[in-house]
Amino acid sequence: MATDRLKAWILATRPKTLAASVSPVIVASALAFRDRTFRLVPALLCLGVALLAQIAANLANDYFDFKKGADSETRLGQARAVASGWIKPRTMLIAALATLAAACICGCGLLFFGSWQLLLPVGIAVAICVIAYSAGPYPLAYNGLGDVCVLLFYGIVPVCFTYYVQAQTFTATAVWLSLSMGFMSVNILLVNNYRDCDQDRAAGKRTTIVMFGRRFGRWLYLADALLAVACSWTVYLFRSWNTWILFLFFLIIQLFIWQDLSRLQGAALNRTLELTSLNVLLYALLLTSVMLF
């Protein structure tokens, strides 16, 4: 019984999607290392904030989607802990808030490594959006703003501010790479919403796919992949042709995965979701290797 309960909690964190929070920190830290400004402690604190904030968001989403009826027995994706009866709703909500509190504690540690006037408002915004993503009078994920949140909080904010607390400045390269990682992470949400389009529509969840259709979602997925590579131009533009081949090879992998959106449907897209998440980490490692070697 204890083993089953632990497994339920692990599944509730959605470990296969956590690459979205780890990858921006890796890229920003690699850039700081290249610029000879790398600092281990703030980098680890940023990793803690990123991971804990995403886990808190996943737990909160599990709770609030159950409350709003977006998760049901017809769900095509990974079973949700509350909707499946594995974890009580109140317990899940408490766990989400406790995890968010832990993320805030890590965030407070970052105040020693940068201007609190800058870091504190950003930290508050992150904390608010963790809950506001799927709760409150205007839940962002239910009103077509999920993609914007991912671009901002899984790209721009983590890359730019992980770099800032180490280098004490922002650079154009950090901004470009933040957009790159953001576009890559948006595709994780796109596949999830593409798969769940019919269920989301029935529950009144107005995702980008619900509003504009699956065809739009397929092309947006491809556009995000191309934009991610284009925004990385500061890393590969003046490098050798070997580096260009690596990025071309990555795009080819993306094209194969993109075709799944035309060929597969329903639960079969769970594998596409996993591959998309894995590709975010793969791209982060590609950027890191090019910057460091």
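Below you will find a few notes about this structure.

Thresholds applied
Residues numbered from 1 in each chain as written. Predicted model: local features only at pLDDT ≥ 70, side-chain atom pairs only at ≥ 80, totals over all residues. Heavy atoms only, no water. Salt bridge = Lys/Arg side-chain N within 4 Å of Asp/Glu carboxyl O. Helix = DSSP H or I, 4+ residues; strand = E, 2+ residues; numbered from the N terminus. Buried < 20%, exposed > 50% of the residue type's maximum accessible area, 1.4 Å probe, protein only. Contact = heavy atoms within 4.5 Å. Axes fitted to C-alpha atoms, helices over the stretch in contact; angles between N-to-C directions. Parallel < 35°, antiparallel > 145°, perpendicular 65-115°, else oblique. Nonpolar A, V, L, I, M, F, W, Y, C, P; charged D, E, K, R; others polar. Phe/Tyr/Trp six-rings, centres within 6.5 Å; stacked < 30°, edge-to-face > 60°. Core = buried A, V, L, I, M, F, W, Y, C linked by side-chain atoms within 4.5 Å. Expected span 1.5 Å × (residues − 1). Arc of directions from axis to C-beta.

A closer look at the pattern of salt bridges
Here the structure, examined in full by the defined rule, presents seven salt bridges. Here D198 makes a salt bridge to R214, at a shortest N to O gap of 3.7 Å. Residue D198 is located in helix 8 (residues 197-202), and its partner R214 is located in helix 10 (residues 214-230); the two are separated by 16 residues in the primary sequence. We classify D198 as partly exposed; its relative accessible area is 43%.

Regarding the side chain of T243
Summarising the element assignment, T243 is placed in helix 12 (residues 241-258). Leave out the neighbours within four places in its chain, and T243 touches Y236 and V290.

As for the packing of helix 7 (residues 172-195) against helix 14 (residues 269-292)
The geometry of helix 7 relative to helix 14 is characterised by a closest axis approach of 8 Å and an angle of 170° between their N-to-C directions. Considered as vectors, helix 7 and helix 14 are oriented roughly antiparallel to each other. Every residue of helix 14 that contacts helix 7 at L177, S180, M181, M184, S185, N187, I188, V191, N192, Y194 and R195 is listed here: L269, N270, T272, L273, T276, S277, N279, V280, Y283, A284, L287 and M291. Class assignment of the residues belonging to the contact of helix 7 with helix 14 gives a composition of 13 nonpolar, nine polar and one charged.

Quick notes on the packing of aromatic side chains
In this structure the tally under the stated criterion is 12 aromatic pairs. Seen in terms of ring centroids, F161 and F170 are 5.3 Å apart; in terms of plane orientation they differ by 80°. Their pairing is edge-to-face. Relative accessible area serves as the criterion here: at 35%, F170 is assigned to the partly exposed category. Judged by centre distance (5.9 Å) and plane angle (80°), the rings of W176 and W233 are edge-to-face. Highlighted residues: W176 in helix 7 and W233 in helix 11 (residues 233-236), separated in sequence by 57 residues.

A short note on the nonpolar core
Core analysis: the biggest nonpolar cluster contains 75 residues, and L177, M181, F247, Y283, L287 and M291 have the highest contact counts within it. Sequence-distant contacts of L287, defined by excluding residues within four places in its chain, comprise V27, L177, S180, M181, S232, V235 and F247. Counting residues in hydrophobic clusters, the runner-up holds 15 residues, among them L59, Y63, I87 and M92.

A short note on helix 12
Its 18 residues give helix 12 an end-to-end C-alpha distance of 25 Å, which sits within 8% of 26 Å, the value for a rise of 1.5 Å per residue. Listing the buried residues of helix 12 in full gives T243, F247, F250, L251, Q254, I257 and W258. Across the axial projection of helix 12, the buried residues extend over an arc of 115°, all falling on one side. Turned more than 90 degrees away from the buried face of helix 12, the exposed residues are W241, L248, F249 and F256.

Topic: unusual backbone geometry
Even without being glycine, R36 reaches a positive phi, approximately 60°. Inspection of the secondary structure puts R36 in the loop between helix 2 (19-34) and helix 3 (40-68). R36 sits in the exposed class, given a relative accessible area of 81%. Although it is not a glycine, Q168 sits at a positive phi angle of roughly 65°. Here Q168 shows up in the loop between helix 6 (146-167) and helix 7.

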